[in-house]
Amino acid sequence: MMDDLAPPDLDRIRGALAGTELPDLSPDGKQAAVAVVLAGESADLHVCLIRRADHEHDRWSGHVALPGGRVEVDDTSACAAAVRESREEVGLRLDPFLCLGGLEARPVSSAGRPTGMTLFSFVFYLGETLEPLTPSDEVAEAFWVPLRHLLDPRNASRRRTHRDGVTIDQPAVLYEGRYIWGLTYRVLTSFFEVMQLRIAGPR
């Protein structure tokens with residue numbers, strides 16, 4: 001059972017993601033990209049997360065998220081968009097050659113309703129140092145979370161939200177008072193599933 005709590009090391013992640021295809025841009029332009037940025041020693045990796053700034057008209061206002069955003073017309077690829085957004089939002093200098101691979105693309109929904117947008121997720125390894133994070137005006141805070149924390153069932157929680165007359169109760173991971181849930185939880189679930197691991201949550 002304790003093996004389930006052991007975080008994947010860098011070699012295991014590299015092996016699991018080896019050969020994954022990076023998606024091409026689609027003509028409809030309704031795409032977003034996020035970066036799963038890993039850093040730290042091989043056996044004690046951390047992932048970069050942000051808390052979005054509070055804005056009245058942002059449907060994801062205040063949510064914990066991965067660095068990322070919409071793919072813009074000047075982006076040469078969805079991966080390039082993830083690199084750009086990571087620099088703009090938290091000051092991390094990524095490069096496509098640091099990308100270990102991509103995760104399965106997924107549709108983006110809000111309050112359980114489809115938005116027509118597709119999300120692409122890319123995994124990067126930045127190095128052994130947990131680089132300082134410099135949040136932009138769009139980001140309330142940025143922080144590094146140990147992968148082992150995300151796997152520990154003692155950190156499992158649930159997050160109930162109300163929006164547009166819809167109540168949704170979703171699984172979450174609680175980290176220092178912050179709920180990691182929704183789309184971010186689902187992307188991290190996909191990341192761990194590649195290594196045949198399960199994020200903290202309902203069993």
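Residues numbered from 1 in each chain as written. Predicted model: local features only at pLDDT ≥ 70, side-chain atom pairs only at ≥ 80, totals over all residues. Heavy atoms only, no water.

K.L.:
Provide a residue-level description of the overall build of the protein chain, including the pertinent values.
P.N.:
The secondary structure content of the protein chain amounts to four helices and eleven strands. Buried positions account for 49% of the 203 residues belonging to the protein chain. Pairs at least 24 apart in sequence give 67% of the contacts found in the protein chain among residues at least 6 apart. Of the roughly 10,600 Å² that the protein chain leaves accessible, carbon and sulfur atoms contribute 47%. (Helix = DSSP H or I, 4+ residues; strand = E, 2+ residues; numbered from the N terminus. Buried < 20%, exposed > 50% of the residue type's maximum accessible area, 1.4 Å probe, protein only. Contact = heavy atoms within 4.5 Å. Areas by Shrake-Rupley, 256 points an atom, 1.4 Å probe, with all protein chains shown as cover.)

K.L.:
Give me the lowdown on the nonpolar core, citing residues and values where you can.
P.N.:
Counting 36 residues, the largest nonpolar core has I13, L38, V47, L147, L150 and F191 as the members making the most contacts within it. For this core, the secondary structure elements donating two or more residues are α1 (10-17), β1 (31-39), β2 (46-52), β7 (113-125), β8 (139-146), α3 (147-151), β10 (166-175) and α4 (182-194). Among all residues touching L147, those that are not within four sequence positions of it are P7, P8, I13, L38, L45, H46, V47, F191 and F192. Within the second largest apolar cluster, 25 residues are counted, among which are V37, A65, V71 and F122. (Core = buried A, V, L, I, M, F, W, Y, C linked by side-chain atoms within 4.5 Å.)

K.L.:
I'd love a proper account of helix α2 (residues 78-90), names of residues and values included.
P.N.:
With 13 residues, α2 extends 18 Å from end C-alpha to end C-alpha; this agrees with the ideal 18 Å at 1.5 Å per step. In terms of residue burial, α2 counts as a mostly covered element, since eleven of its 13 residues are buried. The complete set of buried residues in α2 reads A78, C79, A80, A81, A82, V83, R84, E85, S86, E89 and V90. (Expected span 1.5 Å × (residues − 1).)

K.L.:
Give me the lowdown on α4, citing residues and values where you can.
P.N.:
The terminal C-alpha atoms of α4, which comprises 13 residues, lie 19 Å apart, in line with the 18 Å expected from a rise of 1.5 Å per residue. Every buried residue of α4 is accounted for by G182, T184, Y185, V187, L188, T189, S190, F191 and F192. Downstream of α4 by a residue or two, Q196 has a phi angle that is positive, lying close to 60 degrees.

K.L.:
So what's going on with the side chain of S190? Which residues, and what values?
P.N.:
By secondary structure assignment, the location of S190 is in helix α4. Non-local contacts of S190, meaning those with residues more than four positions away in its chain, are made with L103 and R106.

K.L.:
Break down the state of the cysteines for me, with residues and values.
P.N.:
Throughout this description, disulfide means a covalent bond between two cysteine sulfur atoms. Counting across every chain of the model gives zero disulfides. Of all cysteine sulfurs in the structure, the one in C79 sits closest to C99, which takes part in no disulfide; the separation is 4.3 Å. The exposure class assigned to C99 is buried, which follows from its relative accessible area of 15%. (Disulfide = S-S within 2.5 Å.)

K.L.:
Lay out the pattern of salt bridges with the relevant residues and their values.
P.N.:
Within the structure shown, the criterion is met by ten salt bridges. Between E141 and R178 there is a salt bridge, with the nearest N and O atoms lying 2.9 Å from each other. Of the two residues, E141 is situated in strand β8 and R178 in strand β11 (residues 178-181); the sequence distance between them amounts to 37 residues. Judged by its relative accessible area of 17%, R178 is buried. Here R154 ties to D152 by a salt bridge, and the two come within 2.6 Å at their closest N and O atoms. The exposure class assigned to D152 is buried, which follows from its relative accessible area of 11%. (Salt bridge = Lys/Arg side-chain N within 4 Å of Asp/Glu carboxyl O.)

K.L.:
Describe the environment of S190, with residues and values.
P.N.:
In this structure S190 comes out as buried when scored by relative accessible area, which is 12%. Considering only alpha carbons, one finds S190 and E104, 86 residues apart in sequence, at a separation of 7.5 Å.

K.L.:
Hey, could you go over the environment of V166 for me, with residue numbers and the actual values?
P.N.:
Relative to the helices and strands, V166 resides in strand β10. When the C-alpha positions of V166 and R113 are compared, they lie 9.9 Å apart, and in sequence the two are 53 residues distant.

In short, shape yes, function no, at least from these values alone.
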